[in-house]
Amino acid sequence: MAARSIGSLTISFGMVSIPVKLYSATEASRAVSFNLLHKGCGSRLKQQYFCAKEEVPVAREDMVKGYEFSKDQYVMFTPEELKALEEAGTHSAEITEFVPLKTVDPVYFDKAYYLGPDKGGAKPYALLARALLESGRCALGRWAARGKQYIVMIRPVEDGLVMQQLLYAAEVRSIKDIEIPQTEVKPAELKLAQQLIEQQAADKFDPAAYSDDVRARIEAAVQKKVEGQEITMTEAPESGAQVIDLMEALRASLGKKAAAPAKAAQPASRKPPRRAQQAEPAQKKAAKK
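Residues numbered from 1 in each chain as written. Predicted model: local features only at pLDDT ≥ 70, side-chain atom pairs only at ≥ 80, totals over all residues. Heavy atoms only, no water.

I keep staring at the overall build of the protein and nothing clicks. Help me out?
Along the backbone of the protein there are 6 helices and 11 strands. Burial analysis of the protein (289 residues in total) assigns 17% to the buried set. Within the protein, counting contacts between residues at least 6 apart in sequence, those at least 24 apart form 61% of the total. (Helix = DSSP H or I, 4+ residues; strand = E, 2+ residues; numbered from the N terminus. Buried < 20%, exposed > 50% of the residue type's maximum accessible area, 1.4 Å probe, protein only. Contact = heavy atoms within 4.5 Å.)

In structure tokens, the structure reads:
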């Protein structure tokens, strides 16, 4: 099924304008959600707001928004006042600069959109995508939508472009706020760690290699409930003992990874040893007793 456009805008830099269509790059609806029900009858619950002072339910038409500027002290805003403060939506994203793509820390990444060329935009679209790809740079600009102003980064991906919303500096905490003690790393430990990295290295990230096991488990449990089956709970595996010796942990990891390919190389059709075949009837007899 072809993707459906959720909007359109114009990307501009210098005297060049590129009409593009906007597509969601992610699916938030994929998350499994549950509703709150009444335990007694199973009916859906309705949310109500109560006044903490008068202890009475408040209808939505009697609500206003307020900002707490001090403890339990608020200033109120009418919907008209809030509307006036919103950023007017624009149908354009003006590029202000081009920077090396590797200089943008992924910690600033927010929502992503795919961009596709709109009518008359195929040529400049392809030109921008190719120029960004070969220069190793991305485009930074501003975009206003839904009453807010966003920093956006336009970067090349395969044969197209992705527009990534970025967080503002004030929205990202500094790692310097984290207390990280200075610790000596011994050359031998570093060498083993690098060997372990090389053993597990891949040429690129393949998202298809990872699956959401928790989501699959929840969906299976829901299906069992729908079919009227009992859900059996498995006990959590015991956590392994804490390894104190870093060198031993690294050596053990390297040995484990080296043994895995040798084990996988054994033929799948290999017959079990004769001793195991003889022991099987004895086990069955013991089970019958």
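Now that the structure has been shown, the text picks up again.
Even after reading the chapter, I still don't get the pairing of strand S2 (residues 16-24), so can you show me in this structure?
Side-chain direction in a regular strand flips from residue to residue, so the side chains alternate between the two faces of the sheet. Two strands pair when backbone bridges link them, and strand S1 (residues 7-13) and S2 are joined in this way by 7 bridges, in the antiparallel orientation. Counted as the bridge partner of phenylalanine 13 is valine 16 from S2. Linking S1 back to S2 in an antiparallel pair, the connection comprises 2 residues, with glycine 14 at a positive phi of about 60°. In the sheet, S2 pairs with strand S8 (residues 109-117) via 5 bridges, with the strands oriented antiparallel. Each residue of the ladder has a partner; that of leucine 22, found in S8, is leucine 115. (Pairing = 2+ DSSP bridges.)

Help me understand the nonpolar core in this model?
As a rule of thumb, soluble globular proteins bury nonpolar side chains together. Residues Leu9, Leu115, Trp143, Ile154, Leu161 and Met163 are the most contacted members of the largest nonpolar core, which totals 21 residues. Elements represented by at least two residues in this core include exactly S1, S2, strand S7 (92-100), S8, helix H2 (122-135), strand S9 (137-145), strand S10 (148-157) and strand S11 (160-166). In this structure leucine 9 touches Ile18, Pro19, Val20, Leu22, His91, Ser92, Ala93, Leu115, Trp143 and Met163, once residues within four positions along its chain are discounted. Ranked by size, the runner-up nonpolar core spans 6 residues in total, among them Val99, Val104, Cys138 and Leu166. (Core = buried A, V, L, I, M, F, W, Y, C linked by side-chain atoms within 4.5 Å.)

Explain the environment of phenylalanine 98 to me, please; I cannot follow it from the model alone.
In this structure, phenylalanine 98 sits in strand S7. The residues contacting phenylalanine 98, other than those within four sequence positions of it, are Phe13, Leu128, Leu132, Arg137, Cys138 and Ala139.

Honestly, the confidence of the model for the protein in this entry has me stumped. Any pointers?
Predicted coordinates in regions of low pLDDT should not be interpreted in detail. Of all residues in the protein, 81% attain a pLDDT of 70 or more, and the chain-wide mean is 82. The least confident element of the protein, judged by mean pLDDT, is helix H6 (residues 274-288) at 44; the most confident is S11 at 95. When the criterion is pLDDT under 50, residues 268-289 qualifies, and its contacts beyond four places in sequence or with other chains add up to 1 contact. (pLDDT = per-residue confidence, 0-100.)

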